[in-house]
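Per-entry structural report
Listed below, chain by chain, are the residues.
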Amino acid sequence: MTRQVGRLTSGMRMLPDFLLVGTQRGGTTSLWRALIAHPCVVPPLFHKGVHYFDVAYPRGMGWYRGHFPIRSLAHRQAQGAPVVTGESAGYYMHHPLSAGRIAADLPGVKLLAVLRDPVERAYSAHRHELSRGFETEPFERAIELEESRLEGEVARILADPAYVSHSHRHHSYVDRGRYADQVDRLFGLFGRERVHVLFAEDFFSDPETEYARILDFLGLPRWSPEAFERHNARPRSPMPESLRTELADRFAPHDERLAGLLGVTPPWRR
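Described below are features of the structure shown in this document. The model shown is predicted, which means the values in this text are computed figures rather than measured ones.

Observations regarding the packing of helix α7 (residues 118-132) against helix α14 (residues 241-262)
Between α7 and α14, the least distance of the axes is 9 Å, while the angle of their chain directions is 125°. It follows that α7 is oblique to α14 by the angle criterion. For the pair formed by α7 and α14, the contact residues are P118, V119 and E120 on the first element and R244, L247, A248, F251 and D255 on the second. Along the lines of polarity and charge, the residues of the contact of α7 with α14 split into five nonpolar, no polar and three charged.

Brief notes about unusual backbone geometry
Trans is the prevailing form of peptide bonds, just as negative phi is the prevailing case for residues other than glycine. In this chain, G22 is followed by T23 through a cis amide linkage whose omega measures 5°. As for its position among the elements, T23 is in the loop between β1 (18-22) and α2 (28-36). Its identity is not glycine, yet R25 carries a phi of approximately 60°, on the positive side. Among the secondary structure elements, R25 is positioned in the loop between β1 and α2. Despite not being glycine, H51 has its phi angle at roughly 60°, a positive value.

Points about the nonpolar core
Judged by nonpolar contacts, the single largest core of 31 residues is most densely connected at L19, Y64, Y92, I102 and L111. Taken together, the elements giving at least two residues each to this core come down to β1, α3 (52-55), α4 (61-65), α6 (98-105), β4 (110-115), α11 (179-190), β5 (195-199) and α14. Apart from residues lying up to four places away in sequence, I102 is in contact with L19, F53, Y92, V109, L111 and F190. Among the nonpolar cores identified, the runner-up in size contains 20 residues, and L31, F203, Y211 and L218 belong to it.

A short note on the sheet that holds β4
Overall, parallel pairing links the five strands, which are arranged β2-β3-β1-β4-β5 in an open sheet. For this open sheet the edge positions go to β2 (41-42) and β5, each flanked by a neighbour on one side alone.

Considerations on the environment of V41
For V41, the position within the fold is in strand β2. Overall, V41 belongs to the buried group, its relative accessible area being 5%. The sequence separation of V41 and G260 amounts to 219 residues, and the corresponding C-alpha distance is 33 Å. Excluding residues within four positions of it along the chain, V41 makes contact with F18, L35, I36, V84 and L220.

Here's the deal with the environment of E208
Mapping E208 onto the fold places it in helix α13 (residues 207-218). Through-space distance from the C-alpha of E208 to that of F228 is 8.3 Å; in sequence the pair is 20 residues apart.

As for the pairing of β4
Counted residue by residue, β4 has five buried out of six residues, so it is predominantly covered. Where β1 and β4 come together, four bridges link them in parallel fashion. The partner of L19 across the bridge, within β4, is L111.

Details of α7
Taking 1.5 Å of rise per residue, 15 residues should cover 21 Å, and α7 covers 21 Å from first to last C-alpha, within 8% of that figure. Turning to α7, its buried residues number three or more, namely P118, V119, E120, R121, A122, Y123, S124, A125, H126, H128 and E129. Where α7 is buried, its residues meet α8 (139-150), α10 (166-170), α11 and α14. For α7, the capping residue at the N-terminal end is D117, with a side-chain oxygen 2.9 Å from the backbone nitrogen of V119.

Regarding the pairing of β5
Counted residue by residue, β5 has four buried out of five residues, so it is predominantly covered. Note: β4 against β5, five bridges, orientation parallel. Residue L111 lies in a different strand from β5, and its bridge partner there is V195.

A look at the environment of E140
Mapped onto the elements, E140 comes out in helix α8. The exposure class assigned to E140 is partly exposed, which follows from its relative accessible area of 44%.

Cut-offs applied
Residues numbered from 1 in each chain as written. Predicted model: local features only at pLDDT ≥ 70, side-chain atom pairs only at ≥ 80, totals over all residues. Heavy atoms only, no water. Axes fitted to C-alpha atoms, helices over the stretch in contact; angles between N-to-C directions. Helix = DSSP H or I, 4+ residues; strand = E, 2+ residues; numbered from the N terminus. Parallel < 35°, antiparallel > 145°, perpendicular 65-115°, else oblique. Contact = heavy atoms within 4.5 Å. Nonpolar A, V, L, I, M, F, W, Y, C, P; charged D, E, K, R; others polar. Core = buried A, V, L, I, M, F, W, Y, C linked by side-chain atoms within 4.5 Å. Buried < 20%, exposed > 50% of the residue type's maximum accessible area, 1.4 Å probe, protein only. Pairing = 2+ DSSP bridges. Expected span 1.5 Å × (residues − 1). Polar contact = N/O pair within 3.5 Å; in protein donor to acceptor, adjacent residues only side chain to side chain.

Below, the structure written as structure tokens:
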């Protein structure tokens with residue numbers, strides 16, 4: 001019922017000024033919590049990620065807009081101060097159609113992309129999918145199965161925009177960590193000036209500095225929460241060193257290309 005009201009009042013509602021587009025298990029929840037604590041940021045009404053541009057696009061923009069605050073009420077709550085809104089969906093950066101949809105439907109929107117050591121991200125994502133019941137195989141076997149699980153899935157998504165691929169969304173442990181292709185696509189569609197890329201390792205080691213840079217990018221006044229908390233960290237057993245080395249070698253050419261795109265070496269390669 002609440003979402004139906006949101007749809008009916010969609011014309012009065014804000015649209016996102018920024019999107020936190022990924023990566024999954026890259027520290028997005030921690031950054032999101034810090035962002036919505038800012039007095040000039042109003043969050044979506046129901047949850048941090050609407051997932052419209054990846055898996056709910058056929059629902060239409062009226063449905064999407066219904067998830068965001070009524071503009072006049074948001075400004076009243078902020079006592080006349082400028083306010084912005086956004087959302088966070090870790091699949092947006094990886095989904096093959098999301099970036100193009102965002103560029104078409106949200107002209108002027110700014111994107112935040114948080115990247116994490118792709119080996120650690122893959123291991124964390126596997127643990128996450130296990131806990132949610134979307135994975136049953138141990139990590140090493142899931143890595144072995146990934147290529148066959150994903151075979152043809154991108155083509156199916158491109159051929160049928162309403163198709164939702166379970167494996168592409170939940171079993172892309174290595175593929176999601178090939179960041180260079182994803183970042184290059186964002187730069188091509190939005191321009192570098194509208195995409196802010198940061199590293200999870202830098203955010204967690206020096207959150208004040210990274211947060212200030214994000215606020216500057218979003219055009220928000222400088223402000224800082226009382227504390228930067230880490231959310232959704234999961235306990236896990238150590239990854240076998242032989243597997244870690246194998247995965248690091250697989251990611252090496254992608255990390256090298258990423259460094260070329262950004263003009264900076266990722267922290268996991270420093």
